[in-house]
Amino acid sequence: MLNFFKKIKKDNEIIEKEDKKGLYQRLKDGLARTRDNFTAKIDDILSLGRKVDDELFEELEEILILADVGVSTTEKIIDNLKEKAKEQKVKDAEKIKELLAEEIYDIMEAKETSLKITPPTLILIVGVNGVGKTTTIGKLANKFKREGKRVLLVAADTFRAAAIDQLDVWAGRNNCEIIRHEEGSDPASVLFDGIKAAKSRNVDVILCDTAGRLHNKKNLMEELKKIYRVAQREFNEGNIETFLVLDATTGQNAIQQAKIFKEATDVTGIILTKLDGTAKGGIVISIKSELDIPVRFIGVGEGIDDFQEFDSEKFVKALFE
Amino acid sequence: MAFESLTGKLQDIFKKLRGKGKLSEKDVKEAMKEVKIALLEADVNFKVVKEFINNVTEKSLGQEVMESLTPAQHVIKIVNDELTALMGSKESKINFSDKPPTVIMMVGLQGSGKTTTSGKLANYLKSKGKSPVLVACDIYRPAAIKQLQVVGSSINVPVFSMGDKTSPVDIAKTSIDFAKNNNYNVVIIDTAGRLHVDEELMDELKNIKDAVNPDEILLVVDAMTGQDVVNVAESFNEKLDIDGVILTKLDGDTRGGAALSVKAVTHKPIKFIASGEKFTDIEVFHPDRMASRILGMGDVLSLIEKAQAQIDEKKALELQKKILEQQFSFDDFLEQLQGLKNMGPIDQLFSMIPGVNMSKLKGINVSDKDIKRIEAIIQSMTKEERQNPSIINGSRKKRIAAGSGTSIQQVNSLLKQFEQTKKMMKQFTDMGKNMKIGKRKMPFFK
């Protein structure tokens, strides 16, 4: 398994890395650390033929909070768990684990519909600085190319130094088209040109990169709204998806990010990156529970194949196996 | 600014506590439970919170506190002291080598802001009279070298690069010779972002360390990181024995619990904090000031320092006189606005003023655009109007609005804001005076 986590040094290798393992296996491996940390502790607590008492619930509460699930969602989960345990007169601590998995699964699955990308689709990628937006676009582009779709990248991060070049490298690797302007130009106009080009070239999926912005910067959020308005106006015949990219290591602030980005651009899904560290990604549960934004993709490694469509069943299963 | 909502929560909790004359054990435990939740919601690590709460509770329940006439204030003081202790009590400086060049190595997870922060640090050191060189050791991420080069050229600091085909260890080694031969006295090595569990890449960092023997290894940490920050900091520290931490993206609305946790688990100081999009947005971290900022006691010292950097002393004295005599006019206001713009984002400045609870200041969300509008309105006023705003009547307002391309409502709101600012500035100056003669009144202890 360690081998799996080894950094792939050459760009080509990332692309050429074969799909040796099944999706489920890879997801499981990627989540191994999460699981090890998370369930190992739960097992510790639940194994020794323990009694179901307040102390037990308190310890479970701790674990959820350490996984970044957040105080309010944790309390909600634990309250439900207590109620269920009482209802079903659970005396066995082992059974509590099952109920906990069920509880989290229920939150993740609530009102869930699966993602369908029907061409033409415009995907706007938004998020705060450093979460991995550009890399995510590279991986998404690869996925859609493999599905035989015609992909166009739009370099609307005109702010960060060399962001356009970074996207350009990904366009080259995935052999897809890219629309770019000068650094410092108006991002909305780059998207405008991108949509025009996509229409005349019959592109299936437009992937629009945007500059990282902290959600509390009013003027930057206004700029993002403008980009979104251009998308709505110029692409009204196609589907528009807005994906918020979140770093799995982010704490409770992620909720605030999701809230404000949703207000600005009607976020339709979340892409959770960097889940291959020791971060537990529990914030996803919080976001789903509080804002009802589904997680669409997760990144569990550096390789291009370590980018997966999110599946709550597999996610919870892998977490508790 | 970071911390504001933690500040708001703590202030509310303490307000409740202060409302009580005598404290029972139950009162203290109740309050501590709320403090615990506030800290957890601020992403302070669970274990750190637990220890903190235990310490404070134990001390608060001591005889001396419970029997004092003002037990609530005692408890608050204990929280303050413990919080300061948690963050370390003195600021720590960069270790400069006796034999130049001083080598600084920047490490961290992907996306924590190493490249941008390297630029900011170089810019900072340059302003302190050093001549730094940036070294591009991120050979993995596409266009990372280009990014550093763009950063370097915008702050006029040279960038040493050997492309992405040479190993980072060799690049780092060669860069030292380059610095020696070209008389650069600080070398800032920008390494690639990596996960702390990626053994191979962590080994690479170790190899760079062994090869160049850096004077400073600085871990760059995103202030928005959650509970996991402890694992990250511990791993990097174990592998590299870091010298300090730079906390980034503090201009978000994160509650910044990471700042508290990192110090507690690694016992390594936070040396700098970075916030903002400009290359000047980096400052030395003062733990005591930060603790008082978190507790809502403001950070007057930083504010004064910021002001000093922008305003010359004579002018400042003049201004202070004007404020005290309530003669502060729109002309001065305009001048202040220009100065303020140079001091940094306004909401950050507000957060340094004692007693200002940012979460209750949501209305005053000033962006640079708003400042431009304000400038236009003031510039559409006559000289007389600027000196004496009270003469501005309905028809004058109409004219000002037309002249500045704004509406009467906007003119009205500026006039109102101006009055508020005037009051606030007076408050602020009074406080500054008290402080000078050693009578710093903490609004917190009112």
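As the structure is a prediction and not an experimental result, all values here were calculated from the model.

### Describing the overall build of chain B
Secondary structure assignment for chain B yields 20 helices and eight strands. Per-residue burial for chain B yields a buried fraction of 54% across its 446 residues. Partitioning the intrachain contacts of chain B with sequence separation of at least 6 by distance along the chain shows that 75% fall at a separation of at least 24.

### Examining the interface of chain A and chain B
In this complex, chain A contributes 47 residues to the contact, which on the side of chain B involves 41 residues. Taken over both partners, the interface formed by chain A and chain B buries close to 3900 Å², and the fraction arising from carbon and sulfur atoms is 56%. For the pair chain A and chain B, the interface holds three salt bridges. Lys217 of chain A is the salt-bridge partner of Asp251 of chain B, the closest N and O atoms lying 2.4 Å from each other. Where chain A meets chain B, there are ten residue pairs in polar contact (both at pLDDT 80 or more). Residue assignment for the side of chain A that touches chain B shows that the elements contributing at least two residues are α1 (2-5), α5 (54-66), α6 (71-87), α9 (163-174), α11 (218-234) and α12 (253-265) of chain A.

### Some words on the domain arrangement of chain B
Residue and element names in this part refer to chain B. You can read the domains of chain B as domain 1 (4-87), domain 2 (102-294) and domain 3 (300-445). Put simply, the middle of domain 1 and the middle of domain 2, counted by C-alpha atoms, are 35 Å apart. Tallying the contact residues gives 19 residues for domain 1 and 21 residues for domain 2. Taken over both partners, the interface formed by domain 1 and domain 2 buries close to 1800 Å², and the fraction arising from carbon and sulfur atoms is 60%. For the domain 1 face of the interface with domain 2, the top three residues by lost area are Asp43, Asn45 and Met87, together amounting to 38%. Here domain 1 and domain 2 share zero salt bridges between them.

### Structural notes on a negative patch on the surface
Residues and elements named next belong to chain A. Among the surface-exposed residues, Glu75, Asp79, Glu83 and Glu87 lie close enough to one another that they form a single negatively charged patch. The topology assignment puts Glu87 in helix α6. You can call Glu87 exposed: its relative accessible area is 58%.

### Describing the nonpolar core
Leu153, Leu191, Ile206, Leu207 and Ile287 of chain A are the most contacted members of the largest nonpolar core, which totals 94 residues. Excluding anything up to four places from it in sequence, Leu191 of chain A contacts Leu122, Leu124, Val154, Cys208, Ile227 and Ala231 of chain A. Val56, Ile76, Val230 and Leu250 of chain B belong to the second-largest nonpolar core, a separate cluster that totals 82 residues.

### Observations regarding the side chain of Ser286 of chain A
Residue and element names in this part refer to chain A. Assignment of secondary structure puts Ser286 in helix α13 (residues 283-291). Judged by its relative accessible area of 0%, Ser286 is buried. Sequence-distant contacts of Ser286, defined by excluding residues within four places in its chain, comprise Val69, Gly70, Thr73, Ile255 and Leu291.

### Digging into the pairing of strand β7 (residues 295-299) of chain A
Residues and elements named next belong to chain A. A large share of β7 lies buried, amounting to five of its five residues. Relative to β7, strand β6 (residues 269-273) runs parallel, the two being bridged by three bridges. Of the residues in β7, the one forming a bridge with Ile270 is Val295. Remark: the β6/α13/β7 crossover connection has right-handed handedness. Both β7 and strand β8 (residues 307-309) contribute to a ladder of three bridges, which runs antiparallel. Opposite Gly299, over in β8, you have Phe307 as the bridge partner.

### Side note on α11 of chain A
Residue and element names in this part refer to chain A. If you check α11, its first and last C-alpha atoms are 24 Å apart, about what 17 residues at 1.5 Å a residue would give, namely 24 Å. Leu220, Met221, Leu224, Ile227, Tyr228, Val230, Ala231 and Glu234 are the residues of α11 that are buried. Looking at the buried residues of α11, the elements they touch are β1 (121-126), α10 (187-201), β4 (205-210), β5 (239-247) and α12.

### A short note on the sheet that holds β6 of chain A
All names here are of chain A. If you walk across this open sheet you meet the eight strands as β3-β2-β4-β1-β5-β6-β7-β8, and the pairing is mixed. Two strands close off the open sheet at either side, each with one partner strand: β3 (177-179) and β8. Between one strand and the next, the sheet's axes are offset by a mean angle of 20°, whatever the strand orientation. Pairing analysis gives five bridges linking β5 to β6, with the strands arranged parallel. By the bridge assignment, Leu246 is partnered in β6 with Leu272. Taken strand by strand, helix α8 (residues 133-146) contacts β1, β2 (151-156), β4, β5, β6, β7 and β8, and its axis lies near 170° from that of β4. Along the sheet face, α10 touches β1, β2, β3 and β4 and points at about 165° away from the line of β2.

### Side note on unusual backbone geometry
The step from Pro119 of chain A to Pro120 of chain A runs through a cis peptide bond, and the omega angle for that step is -5°. Within the secondary structure, Pro120 of chain A sits in the loop between α7 (93-109) and β1. Cis peptide bonds are those with omega within 30 degrees of zero, and the linkage from Pro100 of chain B to Pro101 of chain B qualifies with 5°. With respect to the helices and strands, the residue Pro101 of chain B is situated in the loop between α5 (71-87) and β1 (102-108). Unlike most non-glycine residues, Lys89 of chain A shows phi in positive territory, near 50°. Note on placement: Lys89 of chain A falls in the loop between α6 and α7.

### What to know about the sheet that holds strand β3 (residues 159-160) of chain B
Residues and elements named next belong to chain B. Strand order in this open sheet of eight strands is β3-β2-β4-β1-β5-β6-β7-β8, and the pairing throughout is mixed. Edge strands, defined here as strands with exactly one partner in the open sheet, are β3 and β8 (282-284). Note that strand β7 (residues 270-274) and β8 share three bridges and pair antiparallel. Residue pairing in the sheet places Ile273 in a bridge with Glu283 of β8. Against the sheet, helix α7 (residues 144-155) touches β2 (132-137), β3 and β4 (186-191), its axis set at about 170° to β2. Along the sheet face, helix α8 (residues 168-181) touches β1, β2, β3 and β4 and points at about 160° away from the line of β2.

Definitions and cut-offs
- Residues numbered from 1 in each chain as written.
- Chains lettered and ligands numbered in written order.
- Predicted model: local features only at pLDDT ≥ 70, side-chain atom pairs only at ≥ 80, totals over all residues.
- Heavy atoms only, no water.
- Helix = DSSP H or I, 4+ residues; strand = E, 2+ residues; numbered from the N terminus.
- Buried < 20%, exposed > 50% of the residue type's maximum accessible area, 1.4 Å probe, protein only.
- Contact = heavy atoms within 4.5 Å.
- Buried area = accessible area lost by both parts, 1.4 Å probe.
- Salt bridge = Lys/Arg side-chain N within 4 Å of Asp/Glu carboxyl O.
- Polar contact = N/O pair within 3.5 Å; in protein donor to acceptor, adjacent residues only side chain to side chain.
- Domains from an automatic or database assignment.
- Patch = residues over 30% accessible without salt bridge, like charges linked within 9 Å, V, L, I, M, F, W, Y side chains within 5 Å.
- Areas by Shrake-Rupley, 256 points an atom, 1.4 Å probe, with all protein chains shown as cover.
- Lys, Arg positive; Asp, Glu negative; His and termini not counted.
- Charge placed at Lys NZ, Arg CZ, Asp CG, Glu CD.
- Core = buried A, V, L, I, M, F, W, Y, C linked by side-chain atoms within 4.5 Å.
- Pairing = 2+ DSSP bridges.
- Right-handed = clockwise from strand over helix to strand, strands pointing away.
- Expected span 1.5 Å × (residues − 1).
- Axes fitted to C-alpha atoms, helices over the stretch in contact; angles between N-to-C directions.

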